[in-house]
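So you can see what is in the structure, the chains are spelled out below.
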Amino acid sequence: MRQARTTSAIQSTRSHLAEGRLHGILSSVVGEQTSAVNRAALAAFSDGFMGEIVLPGSAGYDAARIVWNAMIDRRPAIVARCDGVDDVVRSIRFAREQDLAIAVRSGGHSVGGFSTCDDGIVIDLSLMRGARVDPERRIASVRGGSLLRELDEGAQEHGLACPVGVVGHTGVAGLTLGGGMGRLQRRWGFSIDNMAAVELVTADGKQLRVSEEEHPDLFWGIRGAGPNFGIVTGFEFRLHELGTTITQGMLAFPGERAHEVAERVREYAPSAPDEVMLSYVLGVGPTDPEFPPEIAGRPFVSMVVTHCGDVDAADDAIRPLRDLRPSVDMVEPRRYLDVQTSGDEDMAWGKRFYMKGGFLAELSDAYVDAGLASIANAPGDECDITLWLQGGAIAHVPEDAMAFTGRRAPFWLGVECAWEEPSLDEAHRDWGRATMDALLPFTAEGHYVNDMVESGDDVVRSIYGDVKYDRLVDLKRTHDPDNVFRLNQNVRP
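First, a word on scope: everything that follows refers to the structure included in this document. No experiment lies behind these values; they were computed from the predicted model shown.

Taking strand neighbours across the sheet as the criterion, the five strands line up as S5-S6-S10-S8-S9 in an open arrangement whose pairing is antiparallel. Bordering the open sheet on either side are strand S5 (131-134) and strand S9 (207-211), each of which pairs with just one other strand. When strand polarity is set aside, the average angle formed by the axes of neighbouring strands in this sheet is 15°. Here six bridges tie strand S8 (residues 195-201) to strand S10 (residues 231-238), and the two strands are oriented antiparallel to one another. Directly across from Val201, in S10, lies its bridge partner Ile231.

Applying the stated criterion across every chain yields a total of 35 salt bridges. Of the charged contacts in the structure, one is a salt bridge between Glu241 and Arg138, with a shortest N-O distance of 3.1 Å. Highlighted residues: Glu241 in strand S11 (residues 240-241) and Arg138 in the loop between S5 and strand S6 (139-143), separated in sequence by 103 residues. Arg138 gets classed as partly exposed once you look at its relative accessible area, which sits at 36%. Residues Glu212 and Arg223 are paired through a salt bridge, measuring 3.4 Å at the closest nitrogen-oxygen approach.

Our next topic: the environment of Phe237. In this fold, Phe237 is placed in strand S10. Setting aside chain neighbours within four positions, we find Phe237 in contact with Arg138, Ile139, Ala140, Val142, Leu151, Cys162, Val172, Thr176, Ser191, Asn194, Met195 and Ala196.

Moving on, we get to the sheet that holds strand S2 (residues 78-81). Hydrogen bonds along the backbone pair up the strands of a sheet, which may run parallel or antiparallel. Spatially, the four strands line up as an open sheet ordered S1-S2-S4-S3, and their pairing is mixed. The open sheet has two free edges, formed respectively by strand S1 (52-54) and strand S3 (102-105), since each of these has just one partner strand. If you compare each strand with its neighbour and ignore which way they point, the axes differ by 20° on average. Pairing between S3 and strand S4 (residues 121-124): four bridges, direction parallel.

Let us look at the side chain of His109. As for its placement among the helices and strands, His109 is situated in the loop between S3 and S4. The exposure class of His109 is buried, given its relative accessible area of 14%. Looking at His109, its side chain comes within polar contact range of the side chain of His169, at 2.8 Å. The contact partners of His109, leaving out residues within four places of it in the chain, are Trp68, Val167, His169, Thr170 and Trp349.

One pass over the structure, following the stated rule, counts one cavity of 30 Å³ or more. Quantified by volume, the largest cavity comes out at close to 30 Å³. Gly178, Gly224, Ala403, Phe404, Thr405, His447, Tyr448, Val449, Ile463 and Tyr464 are the residues that line the largest cavity. Across the lining of the largest cavity, the residue classes break down as six nonpolar, four polar and no charged.

Time to look at the packing of aromatic side chains. Enumeration according to the criterion identifies 10 aromatic pairs in this entry. Three or more aromatic residues link up through ring pairs in this structure, and these residues are Phe190, Phe359, Phe404 and Tyr448. Sitting over the face of the ring of Trp220, Arg471 holds its NZ or CZ atom 3.8 Å from the ring centroid.

A few words on the pairing of S6. Where S5 meets S6, four bridges bridge the pair, whose relative direction is antiparallel. Directly across from Ala131, in S6, lies its bridge partner Val142. Between S5 and S6, which pair antiparallel in sequence order, lie four residues; one of them, Arg138, sits at a positive phi of approximately 55°. In the sheet, S6 pairs with S10 via five bridges, with the strands oriented antiparallel. By the bridge assignment for S10, Ile139 is matched with Arg238.

Cut-off values and rules
Residues numbered from 1 in each chain as written. Predicted model: local features only at pLDDT ≥ 70, side-chain atom pairs only at ≥ 80, totals over all residues. Heavy atoms only, no water. Pairing = 2+ DSSP bridges. Helix = DSSP H or I, 4+ residues; strand = E, 2+ residues; numbered from the N terminus. Axes fitted to C-alpha atoms, helices over the stretch in contact; angles between N-to-C directions. Salt bridge = Lys/Arg side-chain N within 4 Å of Asp/Glu carboxyl O. Buried < 20%, exposed > 50% of the residue type's maximum accessible area, 1.4 Å probe, protein only. Contact = heavy atoms within 4.5 Å. Polar contact = N/O pair within 3.5 Å; in protein donor to acceptor, adjacent residues only side chain to side chain. 1 Å grid on protein atoms, 1.4 Å probe; cavity = no way out; pocket = protein on both sides within 12 Å on 5 of 7 lines; lining within 4 Å. Points joined across faces, edges and corners; volume = space filled by probe spheres on them. Nonpolar A, V, L, I, M, F, W, Y, C, P; charged D, E, K, R; others polar. Phe/Tyr/Trp six-rings, centres within 6.5 Å; stacked < 30°, edge-to-face > 60°. Lys NZ or Arg CZ within 6 Å of the ring centre and 35° of its normal.

Here it is, written out as structure tokens:
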């Protein structure tokens, strides 16, 4: 079916060119976008392009330009929906010849909107999807536009899994190149810890295989700062034996018990089995029949628990958490694929989203007090403050092994809010910023790059620290001296 759609798109594009309609489409574009693209150059670019070229004024333009975060509303001069590596190479060369800014889109989930742009070109990999699994070698080969659910489904056909994120419609590329946190991270590490190799197209159109053995310095930088160095058109991931069922769910408590729950997390975390992933969340309780009056619509605290080992061992492993006698206990055996897509609706396309993040040095009583005070002032019921437990396999990787920074901290911290009405933008942004300011004294060094919505040299340096940042600058000067790939948390050469 996809092949039929792709073939139709190619024929449609070529038909437009043949009938002279390309001139008409371009003539309908005003302002900077008209001068940004030379018509003759665009015609030459289109000839032999195997995917789909989408221009302002065409029927599919508005659908092609939208991204996951509805706060981001930009109008690129051209969207090049690539159907293979040759299309990617052609798109980079065309953009450089025409002096167009390049945005790279895989799943379109970039919180800060880096996967689109005004007046430039979006190199869109969404036609380049699919995961091929070798169960004997336990390796997954994944195309650059693939979504997490495609990797999960391919691996689960053989009872295998790769540590990835927690929303099925997230792009593999964006998640992984920034780190790749998720439910399996304490047992098998981040996505980057399980990435064996990538296929990369560089700023000058070269195609490189990058791994520990081939271009190892570049492999160091790609793992945590990947969008700075090129476009990844394919990945190889190591897979692990998981089976198809895990134990997962929420333990929920009234906000008044937040300190008691935090104390239990402090006691439990240092000796927690690597199979257990735990989060500590302060938020506003859902108004749902499953949640009692002391939680529904009020500040509450929850622990979201994942046990990815033997189901029969899960009860003993998480008993210290259940012994707190939560008001709501939803922890039970679940199909792994169901768990991996359980948040897809809450994180659906079309919502407006803002977040701030960091790493927490310690789950102190003072941190809990500050968090509760912020939740009490939340502007909506989709605002929360989340901690994800690190340690386990994460801490087994040396801090200097790759560009990613922050694996030594006991927790990742995320301040997140989602809403639908544009009139509420300012209130939610202000709450996110004020909450992070209140929690900043409790944070550790580094940031998770995928969380960052603000940018700038100081911001990027704060993500990686001085030593890693300077090494990344040297890599950037070698592989992208003209800063072609700059729509990201940019390391300037």
